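The lines below spell out each chain.
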Amino acid sequence: MVGDAAAGEREHRYPNDQRAATLWYHDHRMDFTGPAVYRGLAGFHIVRDDVEDALPLPRGERELPLMICDRAFAADGSFAYPGLDQGMRSLPGVEDDWMEGVLGDVVLVNGAPWPVHEVDAACYRLRLLNASNARRYRLVLTVPGGPDVPFVQIGSDGGLLPAPVEHQAIELASGERFDVVVDFSVLPVGTEVTMVNGLDGGTAGRVMRFRVVRTARDDSRVPSRLAEFEPLVPPDGAPQRTFRFSRGPVGDHRGWTINDTSFDPDTSLADIRLGETEVWRFVTDVHHPVHVHLDAFQVLRRGSGGLLDLDRGWKDTVDVRPAEIVDVAVRFSDHAGRFVFHCHNLEHEDMAMMATIRTV
Ligand SMILES: [Cu+2]
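This text gives an overview of the structure that appears in the document.

About the cut-offs
- Throughout, a residue's number is its position along its own chain's written sequence, starting from 1.
- At least 70 in pLDDT is required for a residue's local features to be given in this predicted model, at least 80 for side-chain atom pairs to be given and counted, and no such filter applies to totals for whole chains, interfaces and linings, which use all residues.
- The criterion for strand pairing is that DSSP finds at least two bridges linking the strands in question.
- Only runs of H or I of at least four residues qualify as helices and only runs of E of at least two qualify as strands under DSSP, and these elements are numbered from the N terminus.
- Only buried Ala, Val, Leu, Ile, Met, Phe, Trp, Tyr and Cys residues enter a nonpolar core, and they are joined through C-beta atoms within 7 Å.
- Partly exposed residues are those whose C-beta has more than 12 but fewer than 20 other C-beta atoms within 10 Å; with 20 or more the residue is buried, with 12 or fewer it is exposed, and the C-beta atoms are placed from the backbone.
- Remark: residues whose backbone-derived C-beta atoms lie within 7 Å of one another are considered to be in contact.
- As a rule, the C-alpha atoms of each element are fitted with a line to give its axis, helices using only the stretch in contact, and angles between N-to-C directions run from 0 to 180 degrees.

**Looking at the sheet that holds strand 5 (residues 112-113)**
Line of reasoning, step 1. Taken in spatial order, the seven strands make up an open sheet running 5-4-3-7-13-10-11, and their pairing is mixed. Edge strands, defined here as strands with exactly one partner in the open sheet, are strand 5 and strand 11 (159-167).
Line of reasoning, step 2. The pairing of strand 10 (residues 151-156) with strand 11 spans five bridges and is classified as antiparallel. Note on strand 11: the bridge partner recorded for Ser 156 is Gly 159.

**Looking at the nonpolar core**
As a rule of thumb, soluble globular proteins bury nonpolar side chains together.
Line of reasoning, step 1. In terms of nonpolar packing, the biggest core is built from 42 residues, with Ile 68, Leu 128 and Val 180 touching the most fellow members.
Line of reasoning, step 2. Broken down by element, the residue count for this core peaks at five residues, all from strand 7 (residues 123-130).
Line of reasoning, step 3. Setting aside anything within four residues of it in sequence, one finds Ile 68 in contact with Val 107, Val 109, Leu 128, Leu 129, Asn 130, Ala 131, Ser 132, Tyr 137 and Val 207.
Line of reasoning, step 4. Formed by 27 residues, the second largest nonpolar core is a distinct cluster that contains Val 290, Phe 297, Val 318 and Ile 357.

**Looking at the sheet that holds strand 24 (residues 337-343)**
Line of reasoning, step 1. Sheet architecture is open: five strands sit in the order 18-25-24-20-22, paired in mixed fashion. The two strands at the open ends of the sheet, each matched to only one other strand, are strand 18 (268-272) and strand 22 (317-320). When strand polarity is set aside, the average angle formed by the axes of neighbouring strands in this sheet is 25°.
Line of reasoning, step 2. As defined by bridge partners, strand 20 (residues 288-292) adjoins strand 24 across three bridges and the pair is classed as antiparallel. Following the sheet pairing, His 291 is matched in strand 24 by His 342.

Here's what the structure looks like:
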């Protein structure tokens, strides 16, 4: 025993037996994930494979994982997190003013505030991760006096898309990743390209800057076909489940619930057969980025419309907007046991918006 903490050890094995993908890891301690991630317990976990390695995508110095998050700082430079229990021991959650999620006024990219990165006039692969506790971004690449620079999306949370998709803006909620290629070769040397966040008019409206500093040889390109892609098509009669994400009481205080229940590790909200494709319907009150552990899923539709351009590919987090209904196809393939799904707004998660599922 060290103080009042139990000491012990346990071995975990991660076979990484999956397609190439931009994954990340972070502390997931029940009730205190928000303050732990806020203090820095998060990082990239990039999985590569032969399919991806064979593509002529930008690599080496021209492949940049970008972890984007917002933080607020106290006068002494420490992280300012409005947790109810600064010792992270007993009382989860944050002060009432931050119920909706904790936002900071400084944007960090890979830990640096508003950094500037010098680039060749060439194509770069950017692995974008929104590692913020609660902030959503609408990323746009602006150039003074010129048109915005487009993003060519090649991958999503769970790996490569079948084919590239061009976007003028990338909107990402907490936990989401977008794998994109940006072509700086169309810009004259000396150009400054600012990545802005269109969802904030203040200091969180700027993210980082690229400075094009030299011409350079570039053999990379984005092929029109990227990878084999298996659409998840739920068969007739596939199991359907509805999960409602909403504000609600947690014990004797305010919190967030799924189907009116707060997180209980011992009660399974769904028992799912391995290998079977199901349709899950997510229904929201306010914004909730819904994250499912274990296997990636595919978005089928939003409301009565189709999916958004940004919903394509294998996802593990889907940004469900206020009062929206999103249907996804899920299939768990090879691990039986207890897992969770939850809102990836970390304050919502800590205030009980998480549920246990079982694969059998
Ligand atoms: Cu939420």
